[in-house]
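A closer look at the structure
So the chains spell out like this:
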Amino acid sequence: MANWFQRTFLANRPAGSRLANLETSFNPKLSIRKLKNYHASATDICHYGFLGSIMFFSFVVNPAPWIFKILFYSLLLLLFVIPATGQFFFNALPIFAWLSLYFTSSSFDASYRPPITVKVLPAIETILYGDNLSDILATSTNKPLDIVAWLPYGIFHFGAPFVVAAILFICGPPTILRGYAFAFGYMNLFGVMTQNLFPAAPPWYKILNGLSPANYSMHGSPGGLGRIDEYFGINLYTKGFTNSAVIFGAFPSLHSGCATMEALFFSYVFPKLTPLFVFYVCWLWWSTMYLTHHYFVDLMAGSVLSYVIFQYTKYFHLPLTEKGVYSRWTYAEIPKFNIWQTDPLYGARSDVENVPLSVLETDFELNSMENSNNSNSNSPSIFDESSPRSVSRSSLTSTDNLEQDLPLRTSTAKPNKQRFD
Amino acid sequence: MQQQSNMVHLPQTFLSYPLYIGVEVALGVLTFNKFSGMYGVLALFTGHPLDFVQWTFYIWSIFCLVVFISGIRQVYKPNILLMSTVTFVFSVDTIVSCIYCLWFTAVWFSQEGSTDVTDLKSAGTALGPAHEGTTSTISTKVDTSKSASSGYEFFLIILLTLVPLAVRFYFNFIIIAFQQQLLRSGKFTFDQNDIEVNLHNRNILFKWRYKFEKWCFYLCKRYL
């Protein structure tokens, strides 16, 4: 095993490279010294200020006993301060902020909550996508399909973030994991905030209650996952979804957001396997609609949120991957994206060879020289000496002459007439 | 001389970043949305009834999906022919989507007003709200103080329809602007006499695609 690991991941390690090394010290003084020398930029202040206020809000609002809350936050602080654990936990701060808000969400008093919408999502879905796609997919159900739908929605979804994190850590460039934690945490955080600010009923609500008004005393429903509970004789999903923290949190779908984020990060590190990851996302989309947990518009909101946050992370935080390198120990440096140099138009205007086409004449015909003989002949003739515009055969190829010719050719070229060969 | 473009007010940057980032975001977002076509077509297997307009909409979505996926793979190293096609299809899709949007809005609101009670066991009807007839039974008993009023719902429906459309138009301008810069920079040219493109031994799909791309290219060049 150790031998295999050595051959697969450590074989191409650059001599003396310490890039992939981890902090192993347990001395909190190191972290405190770092903090003293730390100068926050404006974005850092926004980042930590925002996450800190979310954490503080959850700390105050969460109905758990104060002693537990204080103990939990002290433990978190300790994990942040110890360098060996802090390198993982502190970078996962957006994820902790999301989790704290998510588990506080169920305790918000109904009087502070916004009104629950029932018709908005099915209406938007019909308007933008022609029909309720979840209705289309849930029209006929059977046992094998239930199982196929349950796998990504009820099983993979909960394990995938950890598996993806572990694989990214080993196979991706160093520091990619903190980019993943950043993107994943923020995506979920914005998702839960939207779910709380814009409560909307999922498709199972429409199937159970029609489009009648909803209220916060209602319980959640496992939707199609109830059938899974029946098959296995368990009460897992029925219980879980009945007491869900965000019952009317259909919009956006964080199942879709998480799957998209995982797929985007995996495609970033393993570009050749992209079709496989696209397939996984499509599979999960289908299963959420089949199990009547989300409308297609929720899935889109989740995926678009993920995609936008991923793009931001890619351009401003992620290390660049090297082609064909699938081990963090192989990297000798950690280059970042240069958004200006990656621009396909970069240097286009300053480069002499790239003079804008509008200045040059581009749509002349190749045989325009022959066609232009009609009026002002520039081909050699016996009247060469007498004609002021005429040129000798020998000088036809010289550069001076071509420059003279240019206006002539321009005048005879037929605009917008192209040759298709 | 080449005709100078009238489209001089196109955005030069995407939120102060280079245009290609905007193109990547625009194509990505639209690609996600066009997957709806695939799920719509699955109605063939589930037996959910669809009308003619819906079928054309889903088939058009799948066509756009193919074009946008091929476009998004080339954002960093664009091929002028393909990007012209993407620009053209994207712009047509913007107009087509607006028309479909109007049509489906009319369908939704006309169905919402009707009082037909549909079969409760089905997951939904072909179009419009599924169980309109069942509203009154529950609403009389339960607390509706935290339910959205129909005015609030209507406002959100309109808002959530118009915002994506507005964003879509902005994305469209970004893509057109990117295409314009590609055409104007001398870096990306298309050799119409390229002998490597030998159409004789290619299948008919390839020929059509090539002709269509070339047509899009000249169209873009003419107007951008």
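- Chain B has the name KLLA0E21099p in an unreviewed UniProt entry, where Kluyveromyces lactis is given as its organism.

- The name an unreviewed UniProt entry assigns to chain A is KLLA0B13387p, from the organism Kluyveromyces lactis.
- Taken verbatim from the UniProt record of chain A, the Subcellular location (unreviewed entry) comment is "Membrane".

**Let's talk about the overall build of chain A**
- Helix and strand content of chain A: 18 helices and 0 strands.
- The burial tally for chain A puts 48% of its 421 residues in the buried class.
- Relative to all contacts within chain A whose residues are 6 or more apart in sequence, the contacts with residues 24 or more apart total 77%.
- Here chain A displays about 21300 Å² of accessible surface, and carbon together with sulfur accounts for 65% of that area.

**Brief notes about the pattern of salt bridges**
- In total, this model carries 6 salt bridges over all chains according to the counting rule given.
- Among the salt bridges present, the one from Asp-135 of chain A reaches Lys-206 of chain A, with a minimum N-O distance of 3.2 Å. Here the residue Asp-135 of chain A occupies a position in helix H8 (residues 133-138), and Lys-206 of chain A occupies one in helix H11 (residues 203-209), the gap between them amounting to 71 residues. There is no split in this pair, since Asp-135 of chain A and Lys-206 of chain A are both buried.
- The salt bridge partner of Glu-24 of chain B is Lys-314 of chain A, with a shortest N-O separation of 2.8 Å. Remark: Lys-314 of chain A occurs in helix H16 (residues 296-316) and Glu-24 of chain B occurs in helix H1 (residues 19-34); the pair is interchain, linking two chains. Accessibility classification places Glu-24 of chain B together with Lys-314 of chain A in one group, the buried group.

**Concerning a nonpolar patch on the surface**
- A cluster of nonpolar side chains, namely Tyr-312, Phe-316, Trp-340 and Tyr-346 of chain A together with Leu-15, Tyr-17 and Tyr-170 of chain B, defines an oily patch on the protein surface of about 710 Å² accessible area.
- Residue position: Tyr-312 of chain A is located in helix H16.
- On the basis of relative accessibility, which here comes to 39%, the residue Tyr-312 of chain A falls in the partly exposed class.

**Describing the packing of H1 of chain B against helix H7 (residues 150-184) of chain B**
Residues and elements named next belong to chain B.
- It is at 9 Å that the axes of H1 and H7 come closest, and there the two elements cross at 130°. When the axes of H1 and H7 are compared, the pair comes out oblique. You can see that H1 and H7 cross each other, and the crossing is left-handed. Touching Leu-19, Tyr-20, Gly-22, Val-23, Val-25, Ala-26, Leu-27, Val-29 and Leu-30 of H1 are Arg-168, Phe-171, Ile-174, Ile-175, Ala-177, Phe-178 and Gln-181, all from H7.

**Here we look at the UniProt feature "transmembrane region" (unreviewed entry) in chain A**
- Mapped onto the present numbering, the UniProt feature "transmembrane region" (unreviewed entry) falls on residues 48-68, 75-99, 150-172, 179-198 and 263-286 of chain A.
- Counting secondary structure, residues 75-99 of chain A comes out at 84% helix and 0% strand; the distance between its end C-alpha atoms is 15 Å.

**A short note on the UniProt feature "transmembrane region" (unreviewed entry) in chain B**
All names here are of chain B.
- The UniProt entry lists residues 12-32, 52-69, 81-109 and 154-178 under the feature "transmembrane region" (unreviewed entry), expressed in the numbering used here.
- Its end C-alpha atoms 25 Å apart, residues 12-32 is made of 67% helix and 0% strand.
- In the segment residues 154-178, helix accounts for 100% and strand for 0%; the C-alpha atoms at its two ends are 37 Å apart.

**Concerning the packing of aromatic side chains**
- All chains considered together, the criterion is met by 62 aromatic pairs over all chains.
- Judged by centre distance (5.4 Å) and plane angle (80°), the rings of Phe-57 of chain B and Phe-104 of chain B are edge-to-face. Of the two residues, Phe-57 of chain B sits in helix H4 (residues 52-72) while Phe-104 of chain B sits in helix H5 (residues 80-113), which places them 47 residues apart along the sequence.
- On the accessibility criterion, Phe-57 of chain B (5% relative accessible area) is buried.
- Through a chain of ring-to-ring contacts, the aromatic side chains of Phe-50, Phe-182, Tyr-186, Phe-190, Tyr-312 and Phe-316 of chain A together with Tyr-17 of chain B assemble into a single cluster.

**Quick word on the environment of Pro-174 of chain A**
All names here are of chain A.
- With respect to the helices and strands, Pro-174 occurs in the loop between helix H9 (143-171) and helix H10 (176-197).
- Judged by its relative accessible area of 1%, Pro-174 is buried.
- Setting aside anything within four residues of it in sequence, one finds Pro-174 in contact with Leu-19, Ala-20, Pro-319, Arg-328, Tyr-331 and Ile-334.

**Describing the side chain of Asp-146 of chain A**
- With respect to the element layout, Asp-146 of chain A can be found in helix H9.
- Ignoring sequence-local partners within four residues, the contact set of Asp-146 of chain A consists of Thr-141, Arg-227, Ile-228, Tyr-231 and Tyr-290 of chain A.

**A closer look at unusual backbone geometry**
- Following Phe-251 of chain A, the chain continues to Pro-252 of chain A via a peptide bond in cis, the omega torsion being -5°.
- Summarising the element assignment, Pro-252 of chain A is placed in the loop between helix H13 (236-242) and helix H14 (254-269).
- Residues other than glycine seldom take positive phi values, yet Thr-175 of chain A does so here, at roughly 75°.
- Within the fold, Thr-175 of chain A resides in the loop between H9 and H10.
- We classify Thr-175 of chain A as partly exposed; its relative accessible area is 24%.
- Even without a glycine there, the phi angle at Ser-16 of chain B is positive, about 70°.
- Residue placement: Ser-16 of chain B occurs in the segment before H1.

**Describing the confidence of the model for chain B**
All names here are of chain B.
- Summing up the model confidence of chain B, the mean pLDDT is 84 and the portion of residues at 70 or higher is 81%.
- Contacts from residues 116-140, a stretch scored under 50 in pLDDT, to residues over four places away or in other chains number 55 contacts.
- Interface confidence for the predicted complex, expressed as ipTM, amounts to 0.89; the pTM equals 0.85.

**Things to note about the confidence of the model for chain A**
Residue and element names in this part refer to chain A.
- Per-residue pLDDT for chain A has a mean of 85; in total, 82% of the residues score no lower than 70.
- Low pLDDT, under 50, characterises residues 371-377; the predicted model gives this stretch 6 contacts beyond four residues in sequence or across chains.
- This model gives residues 384-421 a pLDDT under 50, and the stretch forms 39 contacts once residues within four places in sequence are excluded.

**Notes on the packing of helix H3 (residues 42-61) of chain A against H10 of chain A**
All names here are of chain A.
- Relative orientation of the contacting elements H3 and H10 amounts to 50°, with a least axis distance of 13 Å. What the angle tells us is that H3 and H10 run oblique. Crossing angle aside, the handedness with which H3 passes H10 is left-handed. Packed against H3, whose contacting residues are His-47, Phe-50, Leu-51 and Ile-54, the element H10 presents Phe-182, Tyr-186, Leu-189, Phe-190 and Met-193 at the interface.

What counts, and at which threshold
- Residues numbered from 1 in each chain as written.
- Chains lettered and ligands numbered in written order.
- Predicted model: local features only at pLDDT ≥ 70, side-chain atom pairs only at ≥ 80, totals over all residues.
- Heavy atoms only, no water.
- UniProt positions renumbered as here; feature names shortened; annotations may be inferred.
- Helix = DSSP H or I, 4+ residues; strand = E, 2+ residues; numbered from the N terminus.
- Buried < 20%, exposed > 50% of the residue type's maximum accessible area, 1.4 Å probe, protein only.
- Contact = heavy atoms within 4.5 Å.
- Areas by Shrake-Rupley, 256 points an atom, 1.4 Å probe, with all protein chains shown as cover.
- Salt bridge = Lys/Arg side-chain N within 4 Å of Asp/Glu carboxyl O.
- Patch = residues over 30% accessible without salt bridge, like charges linked within 9 Å, V, L, I, M, F, W, Y side chains within 5 Å.
- Axes fitted to C-alpha atoms, helices over the stretch in contact; angles between N-to-C directions.
- Parallel < 35°, antiparallel > 145°, perpendicular 65-115°, else oblique.
- Left-handed = near helix turned anticlockwise from the far one by under 90°.
- Phe/Tyr/Trp six-rings, centres within 6.5 Å; stacked < 30°, edge-to-face > 60°.
- pLDDT = per-residue confidence, 0-100.

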